[in-house]
Amino acid sequence: MQDLYIYNSLSRKKEKFEPLIKGHVGMYVCGPTVYGEAHLGHARPAITFDLLFRYLKHIGYKVRYVRNITDVGHLVNDADEGEDKIAKKAKLEELEPMEIVQRYTDSYHKNMEQLNTLTPSIEPRASGHIIEQLQMVDDIFNNGYAYEKNGSVYFDVEKYNKKNNYGKLSGRNIDELFNTTRQLDGQDEKKNSFDFALWKKAKPEHIMRWPSKWSNGFPGWHLECSTMSTKYLGKQFDIHGGGMDLLFPHHECEIAQSKAANGNESVKYWMHNNMITINGQKMGKSLGNFITLNELFSGNHNLLEKSYSPMTIRFFILQAHYRSTVDFSNKALQAAEKGMERLFNGIETLKKIKPSDSSTINITDIKNKFYSAINDDLNTPILISHMFDGVKIINSIYANKEQISANDLELLKKLYKTFTFDILGLKPESKIDNSNNNVLNSVVDLLLNIRLKAKENKDFATSDKIRDELNKIGIIVKDKKDGFDWELKN
Ligand code: ZN
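Note that this is a predicted model, so its numbers are computed, not measured. (Residues numbered from 1 in each chain as written. Predicted model: local features only at pLDDT ≥ 70, side-chain atom pairs only at ≥ 80, totals over all residues. Heavy atoms only, no water.)

Asks: Account for helix 1 (residues 40-58), naming residues and giving values.
Replies: Here helix 1 contains 19 residues, and its C-alpha end-to-end distance of 27 Å stays within 8% of the 27 Å for a straight helix at 1.5 Å per residue. Most of helix 1 is tucked away, with 16 of its 19 residues classed as buried. Of the residues one or two after helix 1, Gly60 is the one with positive phi, at around 105 degrees. (Helix = DSSP H or I, 4+ residues; strand = E, 2+ residues; numbered from the N terminus. Expected span 1.5 Å × (residues − 1). Buried < 20%, exposed > 50% of the residue type's maximum accessible area, 1.4 Å probe, protein only.)

The structure is reproduced here in structure tokens:
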């Protein structure tokens, strides 16, 4: 088995990966709160931990990968007060909260499939684990690390911190939190502003609620991950992942909850992917640079010069190390598109190569470089640059400047297939050559010219219908100043 080193956010250094049980890996990753379409911020952790999932399986581990769906308890502003994000969206769209959950879970799954991420082994929902969450509240309460106030239950951070280290993951300490968190205004039920809710009594207007001995209420946001990771992976498991934005308070709270309930720390390796910026700016709805994955795939956003295929997005994310920030721009995405094409062309060239009697190249050397890059904390930018170097060698062989034996040729093909498709999880995207498809071209152009006329006549119902029906059969229409453009969905 390969020696894999990963950076542990807890020890703040790279450690050799040694699972708790030989040959088996338990991995938990915080999934999305499903109240809107998935965006770039969802793509990065999904792809990062998909890469890890794929690689662990490739090197022979049996992996149980759990990624949750948050469908209750995540309040606006990530705090303990305010509306539930899902209920808020439901009110806006005049739907049941669970209709919102279903809609955006489905759309998340579709996007994840487009990005070619493998389905997790288990995908539990918070609302399906209320009983287990209440049990954990009881355990924490009975162990003396929680208190009840007016039907809500809060985690007692100060008490926990007497025997444990609250802040060990994020490097924050209680004194600092005293100074930086909001002062109590006397109305607050918490003893300290940094305490967090395990169970909240629902206000009359709060729709998503369950009965319990404490009150009619709902679980605190952090609790679901402690509960569901324990349920499906045990009181101790190997890897917990998520975006860096979840490190504090979410993951810090998870550590405290699990220790307070189970008596031991649950996670051996904490892993965090870094954030995505857009043209150097943090992504945010108020900044107008919020781009959903569907908008990227269709090109339908004013910041986008064109559409970018799911594999372009995947390749672009993999070209950066997961612990570095990634900046999205049209220029960078177009460079990624070209880079990926170069890689796929190399693989196509490999198929055309005729072997010689002997080799002038060293396959073992290439293979070692690939593995040492990925074993070094999943260093995909280095891996991809070695793969590009390999493409240069492939081109030299094809140009008869180098020779390769039949045996080495098979090894090289296998190596590229394994790393490109199985580990990096890329797949060739069908690009129907429109020039060879005259009938299709003429028919689509005909329809779009009718649509143009309809628009001129302000018959928007017809124009929208044509666009939507074409979209349904996989043709994306893009409006331009001087007419239209269209392309086939990948
Ligand atoms: Zn979580």
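Asks: Break down the packing of aromatic side chains for me, with residues and values.
Replies: Between two aromatic rings, the relevant description is the distance of the centres plus the angle of the planes. All told, the structure shown has 14 aromatic pairs when counted by the stated rule. Here the aromatic rings of Phe17 and Tyr61 are separated by 5.6 Å at their centres, their planes lie at 80 degrees, and the arrangement is edge-to-face. Placement of the pair is Phe17 in the loop between strand 2 (13-16) and strand 3 (24-29) and Tyr61 in the loop between helix 1 and strand 4 (62-67), with a sequence separation of 44 residues. An identical accessibility class is assigned to Phe17 and Tyr61; each is buried. Consider the rings of Phe370 and Phe419, whose centres lie 5.2 Å apart with planes at 70 degrees: the pair is edge-to-face. Residue Phe370 is located in helix 12 (residues 363-375), and its partner Phe419 is located in helix 14 (residues 406-423); the two are separated by 49 residues in the primary sequence. Through a chain of ring-to-ring contacts, the aromatic side chains of Tyr145, Phe155, Tyr160 and Phe196 assemble into a single cluster. We note Lys57 situated over the ring of Phe53; from NZ or CZ to the ring centre the distance is 4.3 Å. Geometry around Phe388 places Arg342 over its ring, the cationic atom sitting 4.1 Å from the centre. (Phe/Tyr/Trp six-rings, centres within 6.5 Å; stacked < 30°, edge-to-face > 60°. Lys NZ or Arg CZ within 6 Å of the ring centre and 35° of its normal.)

Honestly, it's all geometry; don't read function into it.
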